[in-house]
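# A closer look at the structure
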Amino acid sequence: MSSTTTRTVRPRASRGAGEVLREIPLPPYVTVEDAQFAVRAVVVHAPRIWSGGTVCRNDASPHPCRLHRWGTRVLAQRGLRPAEIAALIERGDPAAELPHRPGA
């Protein structure tokens, strides 16, 4: 008599479409290097209009993605105003220099 074994493979639990990952923690104080990483994050993860709505240009997740939110928060903590952050994104240069802030 032959025996057959049936093996059930279950996919790993995945996040639902509406489930959001926790925020990336901010550094205790923002260094120049943190600020440059933040510029890169907001530029590379900029919004893109797509047929299903606005998505992250880098990974097509709903915009603003975690890295874009983190970068925006870091730049705001560094003293940049929303208009200055928007100008960096519009410029599109991930290596752009930050506007000089006295005391920053």
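Just above, that's the structure.
A short tour of the structure in this document, coming up. (Residues numbered from 1 in each chain as written. Predicted model: local features only at pLDDT ≥ 70, side-chain atom pairs only at ≥ 80, totals over all residues. Heavy atoms only, no water.)

## Regarding the nonpolar core
In plain terms, the rule: Residues grouped as a nonpolar core are buried Ala, Val, Leu, Ile, Met, Phe, Trp, Tyr and Cys residues, joined through side-chain atoms within 4.5 Å. Three labels apply to residues, based on accessible area from a 1.4 Å probe with only protein chains included: buried if under 20% of the type maximum, exposed if over 50%, partly exposed otherwise in between. Strands are runs of DSSP state E lasting at least two residues, helices are runs of H or I lasting at least four, and both sets are numbered from the N terminus onward. Throughout, a contact is declared for two residues whenever any of their heavy atoms are within 4.5 Å.
Counting residues in each nonpolar core, the largest one holds 15 residues, and the members touching the most others are Val39, Leu75, Leu80, Leu88 and Leu98. If you list the elements that add at least two residues to this core, you get α1 (32-44), α2 (66-77) and α3 (82-91). With six residues, α1 is the single largest residue contributor to this core. What Leu88 contacts, discounting residues up to four positions off in sequence, is Val39, Val43, Leu75, Leu80, Asp93, Ala96, Glu97 and Leu98.

## Comments concerning the pattern of salt bridges
Let me state the cut-off plainly: Think of a salt bridge as a Lys or Arg side-chain nitrogen and an Asp or Glu carboxyl oxygen that are within 4 Å of each other.
The full count for this structure, using the stated rule, is four salt bridges. With its nearest N and O atoms 3.0 Å apart, the salt bridge here joins Arg73 to Glu23. Of this pair, Arg73 sits in helix α2 while Glu23 sits in the segment before α1, placing them 50 residues apart in sequence. By relative accessible area, which is 29% here, Arg73 ends up partly exposed. The partly exposed category is assigned to Glu23, whose relative accessible area is 40%. Across the pair Arg91 and Asp93 runs a salt bridge, and its minimum N-O distance is 3.9 Å. Exposure remark for Arg91: the relative accessible area of 55% places this residue in the exposed category. The structure contains a network of salt bridges with shared partners spanning Glu23, Arg69 and Arg73.

By themselves, these observations are geometric and do not establish any function.
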